[in-house]
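Spelled out from the first residue to the last, the chains are:
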Amino acid sequence: MTGSAIEANGLGMTYGRKRGWALRDCSFRLPAGRVCALVGPNGAGKSTLLSLAAGLLRPSEGSVRVLGTDPGEARTRIAYVSQDKPLYPQLTVTDTLWAGRELNPATWDREAADRIAGPLPQDAKVRTLSGGQRTRLALALALGKRPELMLLDEPMADLDPLARHQLMGVLMAEAAEHATTIVMSSHILTELEGSCDYLLLVDGGQVRLGGESDDIVAAHAVVTGQVRDLAPHTVVESRTTGRQLTALVRKEGPVDPAAWDVTEPSLEELLLAHLRSPQAPPLLTPSATGGPSRTGAAA
């Protein structure tokens, strides 16, 4: 699949003087067909970004386009599951799925919805369901709509580990079979590492890392040695133990193996280092900018 799923240019959102800017001068491109991890600390702007992409908010400045058009015009092609997963409490599971089918008659995929909602008590009312069961029902509605773009805000937070693993598998199969673009915010970094092929790290209202997960990881290295001069590499984070220096660096050319022990960081290790080091310069790969990388090639 070609084209952009989401494209933001100078995007900003403020909730007033007291709360300040949730996003400011946020620019990036997410190619269609990717499974994207949207990560960042609490209050970084992740939920605001998803709400803007879903067309539920209008930006205070800049623009965001979804599937090549305005988010409002693309709404029938988008499925959005928010953190609070609003559902009609008086409806049963069966009634809720019926409503999903009636509201999306042209695209409804009953098999996909049933695959997620099957374990739920079909006659139970939504208000009697546990948090994890409501999550399952909300994801069933989202998948049943057969969207081109799924926006999921902390979708697995209230699921047990087995349910998370099962539902993640369903989402990955969906992406592979139908080239559905999935954007999923989460704090469970280890879960994202094996599932997502694209990364957006939002912090301070801006995208600090953006692009293919493998390329971003490959652009960094963990180096250990006794040499103190790491030039020309960009140091993201470092620590000294005795005479030994260990640092996560963004590579600016080859790293001298005679001077350093060099290993590749895990995605979790990389993200945590950048979150602890907000002064580190941003890195967006060419696919995330639509052109040359902003701070050099991520390779």
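Residues numbered from 1 in each chain as written. Predicted model: local features only at pLDDT ≥ 70, side-chain atom pairs only at ≥ 80, totals over all residues. Heavy atoms only, no water.

## What about the sheet that holds strand 6 (residues 149–153)?
What counts here: Any two strands with at least two DSSP bridges between them are considered paired. Each helix corresponds to a stretch of at least 4 residues labelled H or I by DSSP, and each strand to a stretch of at least 2 residues labelled E; elements are numbered beginning at the N terminus. In what follows, a contact means two residues having at least one pair of non-hydrogen atoms within 4.5 Å. Structural elements are reduced to axes, namely lines fitted to C-alpha atoms, with helices fitted over the stretch in contact, and the angle between N-to-C directions of any two is expressed from 0 to 180 degrees.
In spatial order, the strands read 5-6-7-3-8-9-14; together these seven strands make up an open sheet with mixed pairing. A single partner strand is all that each edge strand has here, and the edge strands are strand 5 (78–81) and strand 14 (283–284). Strand direction decides the pairing type here: strand 5 and strand 6, joined by four bridges, are parallel. Following the sheet pairing, Tyr-80 is matched in strand 6 by Leu-151. The strands touched by helix 4 (residues 131–144) are strand 5 and strand 6; relative to strand 5, the strand with the most contacts, the crossing angle is about 170°. Contacting strand 3 (35–39), strand 8 (198–203) and strand 9 (206–212), helix 8 (residues 267–276) crosses the sheet at an angle of about 20° to strand 8.

## Overview of the sheet that holds strand 13 (residues 261–263)
By definition, the strands of a sheet pair up through backbone hydrogen bonds, in either a parallel or an antiparallel sense. With respect to topology, four strands assemble into an open sheet ordered 11-12-10-13, the strand pairing being antiparallel. Of all the strands in the sheet, just strand 11 (234–241) and strand 13 have a single pairing partner and so form its edges. Sheet twist, expressed as the average angle between the axes of neighbouring strands with direction ignored, equals 20°.

## Regarding the pattern of salt bridges
Keep this limit in mind: Basic side-chain nitrogens of Lys or Arg form a salt bridge, by our definition, when they fall within 4 Å of a carboxyl oxygen of Asp or Glu.
Here the structure, examined in full by the defined rule, presents ten salt bridges. For Asp-109, the salt bridge is made with Arg-146, and the minimal N-O distance between the two is 2.2 Å. Linking Asp-109 in the loop between helix 2 (93–103) and helix 3 (110–117) with Arg-146 in the loop between helix 4 and strand 6, this pair joins segments that are 37 residues apart in sequence. Note that Asp-114 and Arg-110 form a salt bridge whose closest N and O atoms lie 3.4 Å from each other.

## Some points on the UniProt feature "domain: ABC transporter" (unreviewed entry) in the chain
This is how it is decided: UniProt positions are given in the numbering used here, feature names are shortened, and annotations may be inferred rather than shown by experiment.
Residues given the UniProt feature "domain: ABC transporter" (unreviewed entry) here are residues 6–229. Structurally, residues 6–229 is divided into 31% helix and 29% strand, and its ends, taken at the C-alpha atoms, are 40 Å apart.

## Describing the pairing of strand 1 (residues 4–14)
Here strand 1 runs beside strand 2 (residues 21–31); their pairing, made up of seven bridges, is antiparallel. Bridging across to strand 2, Ser-4 finds its partner in Pro-31. Taken together, strand 1 and the strand that follows it, strand 2, pair antiparallel across an intervening segment of six residues, in which Gly-16 is found at a positive phi of about 110°.

## A few points about the state of the cysteines
Heads up, the rule is: In this description, a disulfide is simply a cysteine sulfur pair whose atoms lie within 2.5 Å. Here's how the labels work: a residue is buried when its accessible area is under 20% of the maximum for its type, exposed when over 50%, partly exposed in between, all with a 1.4 Å probe on protein chains only.
The final tally for this structure, using the stated rule, is zero disulfides. We note that Cys-36 lacks a disulfide partner, and the nearest cysteine sulfur, in Cys-196, lies 7.1 Å from it. Classification of Cys-36 as buried rests on a relative accessible area of 1%. For Cys-196, a relative accessible area of 7% puts it in the buried group.

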